Amino acid sequence: MQQEFSHNNIGADRHASSSDDVLGESKADTLNPHGSEHDELRALRDRLAAQSGVVTRLGRTLLAAGASAYLVKFSMARLANAVGIEAQHSQVTFSEIVTSVYAHGTFRTESHEQRAFGANAARLDDLRGFVRSLKPGMLVEDAEKALDEICARKPPYSGVVNCLAAGIACAGFCFLNRGGVVECSVVAIAALCGQFLRRMMLKRKANHFGVWMLCGLMASFIYMGISQALLLSGLLEVAHPQGIISAVLFLVPGFPLVTAILDLVRMDFLAGMSRMTYVMMLVISAGISVWMIATIFNWHIDPPSSFPVDGPALYLLQFVCSLIASFGFAVLFSIRPQVAICAALVAGGVNVGRLFFVSEGMLPQAAVGLAALTIGIVAHFISLASGFRFSRTSLTVPAVVIMIPGVPLYAAITHLSNGEITQATEALTQVFFVILSIGVGLAISRMLTDPGWRIDRDTAQPRLLEQTGWNSGKQRFQMR
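Scoring rules and cut-offs
- Residues numbered from 1 in each chain as written.
- Predicted model: local features only at pLDDT ≥ 70, side-chain atom pairs only at ≥ 80, totals over all residues.
- Heavy atoms only, no water.
- pLDDT = per-residue confidence, 0-100.
- Helix = DSSP H or I, 4+ residues; strand = E, 2+ residues; numbered from the N terminus.
- Contact = heavy atoms within 4.5 Å.
- Salt bridge = Lys/Arg side-chain N within 4 Å of Asp/Glu carboxyl O.
- Expected span 1.5 Å × (residues − 1).
- Buried < 20%, exposed > 50% of the residue type's maximum accessible area, 1.4 Å probe, protein only.
- Axes fitted to C-alpha atoms, helices over the stretch in contact; angles between N-to-C directions.
- Parallel < 35°, antiparallel > 145°, perpendicular 65-115°, else oblique.
- Left-handed = near helix turned anticlockwise from the far one by under 90°.
- Nonpolar A, V, L, I, M, F, W, Y, C, P; charged D, E, K, R; others polar.
- 1 Å grid on protein atoms, 1.4 Å probe; cavity = no way out; pocket = protein on both sides within 12 Å on 5 of 7 lines; lining within 4 Å.
- Points joined across faces, edges and corners; volume = space filled by probe spheres on them.
- Phe/Tyr/Trp six-rings, centres within 6.5 Å; stacked < 30°, edge-to-face > 60°.
- Lys NZ or Arg CZ within 6 Å of the ring centre and 35° of its normal.

Asker: Hey, could you run me through the confidence of the model for the protein in this one?
Answerer: Segments scoring low in pLDDT should not have their predicted coordinates read at a detailed level. Of the residues in the protein, 84% reach a pLDDT of 70 or more, and the chain-wide mean stands at 82. By mean pLDDT, the top-scoring element of the protein is helix H5 (residues 140-151) (94), and the lowest-scoring one is helix H1 (residues 12-17) (33). Across residues 1-31, where pLDDT falls below 50, the model places 58 contacts with residues more than four positions away in sequence or in other chains. In this model residues 467-478 is a low-confidence stretch, pLDDT under 50, and it forms 31 contacts with partners more than four residues away in sequence or in other chains.

Asker: Got a minute to help me understand the pattern of salt bridges in this structure?
Answerer: It is possible for side chains bearing opposite charge to pair when their charged atoms get close. Applying the stated criterion to the full structure yields ten salt bridges. Salt bridges linked by common partners bring Asp 126, Glu 149, Arg 153 and Arg 336 together as one network.

Asker: Help me understand helix H4 (residues 121-132), please; the structure alone is not making it clear to me.
Answerer: Residues lying three or four places apart along an α-helix face the same way, a consequence of the helix completing one turn every 3.6 residues. Relative to the 16 Å expected for twelve residues at 1.5 Å per residue, H4 spans 16 Å between its end C-alpha atoms, a close match to the ideal helical length. Counting buried positions over the twelve residues of H4 gives ten, a clear majority of the element. Within H4, burial applies to Ala 121, Ala 122, Leu 124, Asp 125, Asp 126, Leu 127, Arg 128, Phe 130, Val 131 and Arg 132.

Asker: Can you walk me through unusual backbone geometry in this structure?
Answerer: Excluding glycine, residues mostly have negative phi values, and the peptide bonds linking residues are mostly trans. Positive phi values are uncommon outside glycine, yet Met 267 reaches one of about 65 degrees. Checked against the element boundaries, Met 267 lands in the loop between helix H10 (254-265) and helix H11 (269-297). Phi at Ser 334 is positive, roughly 60 degrees, even though this residue is not glycine. The topology assignment puts Ser 334 in the loop between helix H12 (312-332) and helix H13 (337-359). For Ser 334, a relative accessible area of 14% corresponds to the buried category.

Asker: Where do I start with the environment of Gln 91 in this structure?
Answerer: Mapped onto the elements, Gln 91 comes out in strand E2 (residues 87-92). Taking the relative accessible area as the measure of exposure, Gln 91 reaches 45% and is therefore partly exposed. Sequence separation between Gln 91 and Ala 271 is 180 residues, and the spatial gap between their C-alpha atoms is 9.0 Å. Ignoring anything within four residues of it in the chain, the contact list for Gln 91 reads Glu 96, Ile 97, Val 98 and Leu 270.

Asker: Explain the packing of helix H7 (residues 181-203) against helix H8 (residues 208-233) here, please?
Answerer: Pairs of packed helices are described in terms of their axes, by the angle between the two and the distance that separates them. Packing of H7 against H8 brings their axes to within 8 Å, and their N-to-C directions diverge by 150 degrees. Considering their axes alone, H7 and H8 lie roughly antiparallel with respect to each other. Between H7 and H8 the crossing geometry is right-handed. Residues Val 182, Glu 183, Val 186, Val 187, Ile 189, Ala 190, Cys 193, Gly 194, Leu 197, Arg 198, Met 201 and Leu 202 of H7 form the contact with H8, whose own contacting residues are His 208, Val 211, Trp 212, Leu 214, Cys 215, Met 218, Ala 219, Ile 222, Tyr 223, Ile 226, Ser 227 and Leu 230. Residue classes in the contact of H7 with H8 are distributed as 19 nonpolar, three polar and two charged.

Asker: Can you walk me through the layout of surface pockets in this structure?
Answerer: The gaps of empty space that remain are located by a probe, the size of a water molecule, rolled over the atoms. Empty space within the second largest pocket amounts to approximately 820 Å³. If you go around the second largest pocket, you meet 34 residues; those closest to its centre are Leu 176, Asn 177, Arg 178, Pro 408 and Gln 430. Counting residues per element, the ones that place at least two in the lining of the second largest pocket are helix H6 (159-176), H12, H13, helix H14 (364-385), helix H16 (406-417) and helix H17 (421-449). Here the lining of the second largest pocket gets six residues from one element, more than from any other, and that element is H13. Partitioned by chemical class, the residues of the lining of the second largest pocket number 21 nonpolar, nine polar and four charged.

Asker: I'm lost on H8 in this one. Help?
Answerer: For H8, which comprises 26 residues, the first-to-last C-alpha distance of 37 Å matches the rise-based estimate of 38 Å (1.5 Å per residue) to within 8%. Buried within H8 are the following residues: His 208, Val 211, Trp 212, Cys 215, Gly 216, Ala 219, Ser 220, Ile 222, Tyr 223, Met 224, Ser 227 and Leu 230. For H8, the secondary structure elements touched by its buried residues are H7, helix H9 (243-246) and H11. Backbone geometry just downstream of H8 places Gly 234 in the positive-phi region, at approximately 90 degrees.

Asker: What is the right way to look at the packing of aromatic side chains in this model?
Answerer: The description of two aromatic rings rests on the distance between their centres and on the angle between their planes. Under the criterion given, the structure shown has twelve aromatic pairs. For the pair Phe 94 and Phe 117, a centre-to-centre distance of 4.7 Å together with 15 degrees between the ring planes defines the contact as stacked. Note that Phe 94 is positioned in the loop between E2 and strand E3 (96-103) and Phe 117 in the loop between strand E4 (106-113) and H4, a separation of 23 residues in sequence. Take Phe 94: its relative accessible area is 10%, and that puts it in the buried class. Centre to centre, the rings of Phe 432 and Phe 433 are 5.3 Å apart; their planes meet at 80 degrees, and the pair counts as edge-to-face. Directly above the aromatic system of Trp 212 lies the positively charged group of Arg 198, at a separation of 5.0 Å from the ring centroid.

Asker: Is there a simple way to explain the environment of Arg 128 in this structure?
Answerer: Mapped onto the elements, Arg 128 comes out in helix H4. With 53 residues separating them in the primary sequence, Arg 128 and Ser 75 have C-alpha atoms 8.0 Å apart.

Asker: Any chance you could explain the side chain of Thr 449 here in plain terms?
Answerer: For Thr 449, the position within the fold is in helix H17. A relative accessible area of 15% means that Thr 449 is categorised as buried.

Here it is as structure tokens:
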């Protein structure tokens, strides 16, 4: 959907006083759209339309890849400056972009609806690299060509690898949720099948809330069916009901959740609240599926009290499973392998420390906040060492997503559905404070390491390329 409004604001006084007016001082004080100047006026508006079009295309592409509102607005302003637009202002939500551009004595406003929702970190990194390389005087055709080339690149992983990653990640989560070898294996199968169904439905542009509900039903039912068969055959002595939630954790919208938190911290409330609403709706859709299957089979979903192993082996397995779960989610977010490996290694070490402090009596939300702060700072130095080719978002999201309390979240929905208000309230309180701690930890790490987060700065400054000094050695603001 696109709406356009153009207006010629070259008045008599402004035209007469302008020394560098594109129409020249020798022309009439006003432009008659039906006179001899009509062709020149139309050419100016056509040029502005082309400039505005490539700017909004960049914003829409970033938004479709899962970028935060700040990144979208800042990138659009930089490209606008590069292609010759004098001023650009935009309003970005989770599903819409409204932008106004000013140049050549006229202005243009466009409104676009963005219906492609997802996370494509590889494309985000490519677009960041494109925006970082912008220089004044860029042609619109060159910008369009660069965007075409970025959008034509194939994803870093095939569909088979993507589905396997979902199964492996959920199996790692199952152990972190105190599951055994058999339970982890069943979870891997259930999550793999659920991710395959999700990919097939999303390719057909099915409604996301319906997709999450059906995939949750499928994964939960497969886990429950295999577990019951193993119980009856004697291969599984005690059922692990918590595994039913681990089987649907691939549906946790970790990327938009973290992005929503960052939007709110940056005071982009329209984008943050709409994105958070989207996250909550997806979680509820998947939670209803878990509740339906658990109710049908009459299974309780409270977590086990202890891990199947202890001692040094426990810490080693926690590190390995944290690494696996983080890497699996990085694949789901289309994060390139080298970045995914770095994020997984960070997640493995930090998450083991978090679990250790919790076992020693530290409040879970305090441990999560400290872990998120550590991840953010480490991600900054990794990004710095890579010359900012590795974005902080790609490094932090897979590392913190394994700390999102998916099990208490889905358990709370099930308790609410069963009328168990006390258990649901306890679980929701834990979820709220843990997610809040993640946001606080990431925000503090950003403010400590990035001047762009310490200073409340307008993204639509007219000379962004010159002011930020991107091509000089002294860079004040970075796209991280």
